[in-house]
Amino acid sequence: MTRTAYLDYNASAPIRPQAAAAVAHALTLVGNASSVHGFGRRARACLEDAREAVATLVKAPPSAVVFTSGGTEANNLALRGLAQGRRVLVSAGEHPSVLEAVDGAAQVPLGLDGTIDLARLAEMLAGDPQPALISVMLANNETGVIQPLDAVVALARQHGALVHCDAVQAMGKIAVDMTDLGVDALSVSAHKIGGSQGVGALIAAESLALAPPLLRGGGQERRRRAGTENLPGIAGFGAAAALAATELDDAPRIASLRDDLEQRLRGLAPEVSVIGGKAPRLPNTSCVAVPGLTAETLVMGLDLAGVAVSAGSACSSGKVAPSHVLRAMGLGEAEAAAAIRISLGWASAPADVDHFIEAWGEIYTRCCAARRLQNPAA
Ligand code: PLP
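The paragraphs below set out a description of the structure included in this document. (Residues numbered from 1 in each chain as written. Predicted model: local features only at pLDDT ≥ 70, side-chain atom pairs only at ≥ 80, totals over all residues. Heavy atoms only, no water.)

Topic: the overall build of the protein
Assigned secondary structure in the protein consists of 14 helices and 13 strands. For the protein, buried positions account for 55% of its 378 residues. Look at the contacts in the protein between residues 6 or more apart in sequence, and 71% of them connect residues 24 or more apart. Total accessible area computed for the protein in this model is approximately 15,700 Å², and 57% of it derives from carbon and sulfur atoms. Across the protein, the mean location of the 31 positive side-chain charges is 4 Å away from that of the 36 negative side-chain charges. (Helix = DSSP H or I, 4+ residues; strand = E, 2+ residues; numbered from the N terminus. Buried < 20%, exposed > 50% of the residue type's maximum accessible area, 1.4 Å probe, protein only. Contact = heavy atoms within 4.5 Å. Areas by Shrake-Rupley, 256 points an atom, 1.4 Å probe, with all protein chains shown as cover. Lys, Arg positive; Asp, Glu negative; His and termini not counted. Charge placed at Lys NZ, Arg CZ, Asp CG, Glu CD.)

Overview of the environment of Ser69
Inspection of the secondary structure puts Ser69 in the loop between β2 (65–68) and α3 (71–82). Along the chain, Ser69 and Ala244 lie 175 residues apart, while their C-alpha atoms are 20 Å from each other. Not counting chain neighbours up to four residues away, the residues in contact with Ser69 comprise Gly198, Val199, Gly200 and Arg225. At 2.6 Å, the side chain of Ser69 and the side chain of Glu73 are in polar contact. (Polar contact = N/O pair within 3.5 Å; in protein donor to acceptor, adjacent residues only side chain to side chain.)

A few points about the pattern of salt bridges
Applying the stated criterion across every chain, the model contains 17 salt bridges. For Arg341, the salt bridge goes to Asp8, with nearest N and O atoms at 3.1 Å. Of the two residues, Arg341 sits in strand β13 (residues 340–343) while Asp8 sits in the loop between β1 (5–6) and α1 (17–28), which places them 333 residues apart along the sequence. There is no split in this pair, since Arg341 and Asp8 are both buried. With a closest N to O distance of 2.8 Å, Glu262 and Arg281 form a salt bridge. Taken together, the residues Glu262 in helix α10 (residues 251–268) and Arg281 in the loop between β9 (273–274) and β10 (285–289) connect sequence positions 19 residues apart. (Salt bridge = Lys/Arg side-chain N within 4 Å of Asp/Glu carboxyl O.)

Describing the site of the ligand
If you check the shell around the ligand, you find 15 residues, and the closest are Gly71, Thr72, Asp166, Ser189 and Lys192. Within the contact set of the ligand, a nitrogen atom lies 2.6 Å away from a side-chain nitrogen or oxygen of Asp166. Residue Lys192 places a side-chain N or O atom 2.5 Å away from an oxygen atom belonging to the ligand. Computed on the free molecule, the ligand has an accessible area of 390 Å², of which 92% lies beneath the protein chains in the complex. Top element by residues in the shell around the ligand is α3. It accounts for three residues. Its residues placed into classes, the shell around the ligand shows three nonpolar, ten polar and two charged. (Near = heavy atom within 4 Å. Nonpolar A, V, L, I, M, F, W, Y, C, P; charged D, E, K, R; others polar.)

Points about the nonpolar core
Grouped together as the largest cluster of nonpolar side chains are 61 residues, with contacts concentrated most on Leu186, Val188, Ile203 and Phe237. Look past the residues within four positions of Ile203 in its chain and what remains in contact with it is Val54, Val58, Ala60, Ala64, Val65, Met178, Asp184, Ala185, Leu186 and Val188. If you look at the next biggest cluster of nonpolar residues, it comprises 28 residues, including Ala295, Leu302, Ile363 and Cys368. (Core = buried A, V, L, I, M, F, W, Y, C linked by side-chain atoms within 4.5 Å.)

Focus: the packing of aromatic side chains
Within this structure, the stated rule accounts for three aromatic pairs. Consider the rings of Tyr6 and Tyr9, whose centres lie 5.7 Å apart with planes at 55°: the pair is tilted. Ring centres 5.1 Å apart and planes at 15° place the aromatic pair Trp360 and Tyr364 in the stacked group. You can see Trp360 and its partner Tyr364 sitting in helix α14 (residues 350–374), four residues apart, about one turn around the helix. Seen from the ring of Phe39, Arg42 lies directly overhead, with NZ or CZ sitting 5.2 Å from the centre. (Phe/Tyr/Trp six-rings, centres within 6.5 Å; stacked < 30°, edge-to-face > 60°. Lys NZ or Arg CZ within 6 Å of the ring centre and 35° of its normal.)

A short note on the pairing of strand β8 (residues 200–204)
Taking burial as the measure, the five residues of β8 include five buried ones, the bulk of the element. Across four bridges, β2 lies against β8 in antiparallel orientation. When the bridges of β8 are listed, Val66 appears paired with Leu202. As paired elements, strand β7 (residues 185–189) and β8 share five bridges and run antiparallel to each other. Residue pairing across strands places Ser189 opposite Gly200, the latter belonging to β8. (Pairing = 2+ DSSP bridges.)

Observations concerning the side chain of Glu221
Along the chain, the position of Glu221 falls in helix α8 (residues 220–223). Classification of Glu221 by relative accessible area gives buried; the value is 7%. Reaching out from Glu221, the side chain makes a polar contact with the side chain of Arg51 at a distance of 2.9 Å. The residues contacting Glu221, other than those within four sequence positions of it, are Leu47, Arg51, Val65, Val66, Phe67 and Glu229.

Any functional reading would require information that these geometric values do not contain.
Okay, structure coming up:
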């Protein structure tokens, strides 16, 4: 069998077997969770168990969990539902589902290390008396950089602003405690933690109006998200969340695989830069660039060798535009176009890192040789 290494967990983690089993079981349940008969009540019980598991993982009450079709919908629901009468401030490194959710959102710049410019946020808050809605992600999907949410929340409180946090990439990789964070709303997604694709949740206190809801025409999810719930997807999300709660202990193992990978890359190519490496980062993510070696060449070459990584952001991989996140960190177009993201997770093993290094090293050597042929004086 062809040797492969899947190192693209931030795009989508492989489904955990327990989550796949929960999905398969829920597919066999008959009935609609809104029906009052026994079939409906059994479907409802399955749904509420999953709600409880997701709520437990982020330390929120189950009544705060609104199941959605994924992180994208959760972000849209939060931004559109909470923006009423408020101006919207988002960090420049947000996922497009935050950046593009409402018209006219102002972007707060990032510093060179990838964290939000807090001084600028303070100025923007102080510069306008209209209450704000601030949206800042907990961890970035491309660089893994963890944002100083405590400082963002402290500033928000001084100015009567609401805070939404996209925790899609942080959930399951670092502890996400909604009470500790002090945010008003939090977005999460199942397929980043080993659940299935197409399901997520917005977590926001029941007392917080999400108006207008994105979807109308049904009383589901406490009237906050109309439509029959995706029970199999939600059941799998619950199973993955229950595992993630206990398996955060795996983070040091994953961090040591990631650190080993970066160290070996530096051994092969001392000119390699680790983007966001100066800020606190998720344990599983590495964003690296070698000047002159394009991400396109690398992603395609690695794919031929059976190794899966991303160029730029996961959701926009496939399109070759330079990443807005890396540009917001002050990287030039060429450096941004050289960045690849390697992301590990629950099933990653040392052999995956070995395979990546071997394949990367071959591409790098070939490119160096080609450059010498083109420019023998260099
Ligand atoms: N937010 C972040 C930070 C992401 O990385 C992603 C997906 O990659 C999303 C939101 C969107 O989540 P979903 O794929 O569940 O729509």
